[in-house]
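Fold and geometry: a report
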Amino acid sequence: MVFIDEYELKIIVRVAIAFIVGVIIGFDRERSGKAAGIRTQMLVSVGSALMASISVFLGPKYGNLTADPARLMAQIITGVGFLGAGVILKNGNNKVIGVTTAATIWTTAALGIAIGAGF
């Protein structure tokens, strides 16, 4: 029989909520014909929520009450910034495209972090 402790159950619930939020954001993007649709937004949201939840519960689960969960969350933002930078392009007419998509990815990551941290 498999037992799930309180930390694991909280992580599962938070990741499920982040999944739903990511799908909603991605559905809106996909319906509008924009880049970074359902799968991208869902993965960004779920990944951010999972890493944030792990960083929040890692210290208490293993008895290290001085662990700083904000350190890992800051790295999530940095990593997602690189992902967002990859969708910004400059076409032949010197027009920059993809800024809104990059901002959406960044905001989805922020929502995932907030959900994963319990807000």
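Presented here is a report on the structure given in the accompanying data block.

In this structure, A36 is a non-glycine residue whose phi angle is positive, near 60 degrees. Mapped onto the fold, A36 is located in the loop between α1 (6-31) and α2 (38-61).

With that settled, the discussion passes to a nonpolar patch on the surface. Taken together, the side chains of V2, I4, L9, I12, V13 and I17 present a nonpolar region at the surface, about 570 Å² in accessible area. With respect to the helices and strands, the residue I12 is situated in helix α1.

Before going further, it helps to examine helix α3 (residues 69-87). With 19 residues, α3 extends 28 Å between its outermost C-alpha atoms, agreeing within 8% with the 27 Å of an ideal straight helix rising 1.5 Å per residue. Every buried residue of α3 is listed here: M73, I76, V80 and G84. The buried residues of α3 occupy an angular sector of 70 degrees when the element is viewed end-on, so they sit on one face. Summarising the geometry of α3, the exposed residues directed more than 90 degrees from the buried face are R71, Q75, F82 and G86. In this fold, the buried residues of α3 make contact with α2 and α4 (99-117).

Turning to the side chain of Q41, a few remarks are in order. By the secondary structure assignment, Q41 is in helix α2. Side-chain polar atoms of Q41 contact the side chain of T108, separated by 2.6 Å. When near neighbours in sequence (up to four residues on either side) are disregarded, Q41 contacts G22, I25, G26, R29, A36, T104, I105 and T108.

The next thing to look at is the nonpolar core. In terms of nonpolar packing, the biggest core is built from 10 residues, these being A36, V44, A52, M73, I76, V80, I105, A109, I113 and A117. Counting only elements with at least two residues in this core, the list comes to α2, α3 and α4. The biggest single contributor to this core is α4, with four residues. When near neighbours in sequence (up to four residues on either side) are disregarded, V80 contacts I105, W106 and A109.

Attention shifts here to the packing of aromatic side chains. The full count for this structure, using the stated rule, is one aromatic pair. Note on Y7 and F57: the rings are 5.3 Å apart at their centroids and 45 degrees apart in plane angle, and the pair reads as tilted. Of this pair, Y7 sits in helix α1 while F57 sits in helix α2, placing them 50 residues apart in sequence. Here Y7 matches F57 in class, with each residue buried.

This part takes up the side chain of S48. Structurally, S48 is set in helix α2. Judged by relative accessible area, which is 2%, S48 ranks as buried. A polar side-chain atom of S48 sits 2.8 Å from the main-chain carbonyl oxygen of V44. When residues no more than four places from it in sequence are discounted, the contact partners of S48 are I76, A109, G112 and I113.

Inspection of the secondary structure assignment puts K34 in the loop between α1 and α2. Placed 54 residues apart in sequence, K34 and I88 show a C-alpha to C-alpha distance of 13 Å.

What counts and what doesn't
- Residues numbered from 1 in each chain as written.
- Predicted model: local features only at pLDDT ≥ 70, side-chain atom pairs only at ≥ 80, totals over all residues.
- Heavy atoms only, no water.
- Helix = DSSP H or I, 4+ residues; strand = E, 2+ residues; numbered from the N terminus.
- Patch = residues over 30% accessible without salt bridge, like charges linked within 9 Å, V, L, I, M, F, W, Y side chains within 5 Å.
- Areas by Shrake-Rupley, 256 points an atom, 1.4 Å probe, with all protein chains shown as cover.
- Salt bridge = Lys/Arg side-chain N within 4 Å of Asp/Glu carboxyl O.
- Expected span 1.5 Å × (residues − 1).
- Buried < 20%, exposed > 50% of the residue type's maximum accessible area, 1.4 Å probe, protein only.
- Arc of directions from axis to C-beta.
- Contact = heavy atoms within 4.5 Å.
- Polar contact = N/O pair within 3.5 Å; in protein donor to acceptor, adjacent residues only side chain to side chain.
- Core = buried A, V, L, I, M, F, W, Y, C linked by side-chain atoms within 4.5 Å.
- Phe/Tyr/Trp six-rings, centres within 6.5 Å; stacked < 30°, edge-to-face > 60°.

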